[in-house]
Amino acid sequence: MSASSCEVVMDQEMINRLGDELYAAFLSRNTIKPLTERGLDITLEQAYQIQQRFVARRLDAGESVVGKKIGVTSKPVQQFLGVFQPDFGILTSGMLMSDGNVIDLDGLIQPKAEAELAFVLKEDLNGPGITAMDVIRATDYVVPCFEIVDSRITDWKIRIQDTVADNASCGVYVLGDVKGDPRKLDLTLAGMVLHKNGELYSTSVGAAVQGSPANAVAWLANTLGELGIPFKAGEVILSGSQSELVAVQHGDELECNVGGLGRCKVKFAGRSAV
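Residues numbered from 1 in each chain as written. Predicted model: local features only at pLDDT ≥ 70, side-chain atom pairs only at ≥ 80, totals over all residues. Heavy atoms only, no water.

Caption draft 1: Expanded view of the state of the cysteines. By the definition in use, this model includes zero disulfides. Unpaired in this structure, Cys170 has its nearest cysteine sulfur neighbour in Cys145, at a distance of 12 Å. Judged by its relative accessible area of 2%, Cys170 is buried. Among the cysteines around Cys264, which has no disulfide bond, Cys256 carries the closest sulfur, lying 5.2 Å off. (Disulfide = S-S within 2.5 Å. Buried < 20%, exposed > 50% of the residue type's maximum accessible area, 1.4 Å probe, protein only.)

Caption draft 2: Focus on the pattern of salt bridges. Tallied over the full model, the rule gives 14 salt bridges. Residue Glu13 pairs with Arg17 through a salt bridge whose shortest N-O separation is 3.2 Å. One end of the pair is Glu13 and the other is Arg17, both in helix H2 (residues 12–28) and four residues apart, which spans about a single turn. For Glu13, a relative accessible area of 52% translates into the label exposed. With a relative accessible area of 46%, Arg17 lands in the partly exposed category. Glu63 is the partner of Arg58 in a salt bridge, and the nearest nitrogen-oxygen pair spans 2.9 Å. (Salt bridge = Lys/Arg side-chain N within 4 Å of Asp/Glu carboxyl O. Helix = DSSP H or I, 4+ residues; strand = E, 2+ residues; numbered from the N terminus.)

Caption draft 3: Structural context of the nonpolar core. By size, the foremost hydrophobic cluster in this structure holds 69 residues, and its most contacted members are Ile50, Phe146 and Phe231. Looking at which element gives the most residues to this core, the answer is helix H7 (residues 213–225), with seven residues. Setting aside residues up to four positions removed in sequence, Phe231 forms contacts with Lys68, Leu121, Asp124, Leu125, Val217, Leu220, Ala221, Leu224 and Ile237. Met95, Ala118, Tyr141 and Leu175 belong to the second largest nonpolar core, which has 12 residues in total. (Core = buried A, V, L, I, M, F, W, Y, C linked by side-chain atoms within 4.5 Å. Contact = heavy atoms within 4.5 Å.)

Caption draft 4: Quick peek at the sheet that holds strand S12 (residues 253–258). Strand order in the open sheet formed by five strands is S4-S13-S12-S8-S9, and the pairing between neighbours is mixed. Whereas interior strands pair on both sides, the edge strands pair on one side only; in this sheet they are strand S4 (102–104) and strand S9 (199–205). Put simply, the sheet's adjacent strands are angled 20° from each other on average, direction ignored. Where strand S8 (residues 191–196) meets S9, six bridges bridge the pair, whose relative direction is antiparallel. Pairing of Val193 across the sheet is with Thr203, part of S9. (Pairing = 2+ DSSP bridges. Axes fitted to C-alpha atoms, helices over the stretch in contact; angles between N-to-C directions.)

Caption draft 5: How the structure looks around the packing of aromatic side chains. In total, this model carries three aromatic pairs according to the counting rule given. Between the aromatic rings of Tyr48 and Phe88, the centroid separation amounts to 4.3 Å while the plane-to-plane angle is 15°, which identifies the pairing as stacked. Note that Tyr48 is positioned in helix H3 (residues 44–60) and Phe88 in strand S2 (residues 87–92), a separation of 40 residues in sequence. Given a relative accessible area of 14%, Tyr48 falls into the buried group. Judged by relative accessible area, Phe88 falls into the buried class, the value being 5%. An aromatic cluster is defined as three or more aromatic residues linked by ring pairs; in this entry it consists of Tyr23, Phe26 and Phe54. (Phe/Tyr/Trp six-rings, centres within 6.5 Å; stacked < 30°, edge-to-face > 60°.)

Here you go:
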């Protein structure tokens, strides 16, 4: 396929069509063939445009933007997915679940859980030029959290363009209820212990995420700043997984504890589509 024909194929109409296809898969709890296996020469920029269309459909249906997430930051997750650079997605109001509540798997397709830190902002941040210290100063508090990622792409067979288009594989997320002051915590060295069904599953430290969770948040602030998208006071920023991806099913219970901060706990019930 020539460059000119690729340009014709990946016009705004095609971008909208792919975004709508992902939204339809989200509604129906079905998976679709990877976008990168369709003979389309999708650039990363075009993948984010597809993401914008997908998210816009959710907003048109009544949801609102409540934050952003950073994905594919730790080596275990990169190795599992075969994706070796960070990406980002948009958090909407329909994704937030309560700490300790049961997550209904019936609303998800092929979910996997990951434990991380969430930053809740008290000030706007406008990149580029944001540092980790700027992030700390602008943060109201941090909490341990679980993100339940979910892919609309069949068998998680994704390249970076697939997961970006799919809103960085956003599913739902749960925030712990113990709020910590990032100015009083060493986020780089704070240990995280993850238990699944009462048994130790993994251990990690904040440095597993781009050297520090605050570094990851600064990266996203600068990346979005170059696109003219600010962080806003009150938004939740998920800083990226500190754990391996955890497969979950009916009856599973996960708990992560962060040294000096506290815990986040979640249970699962029902049956996902896959």
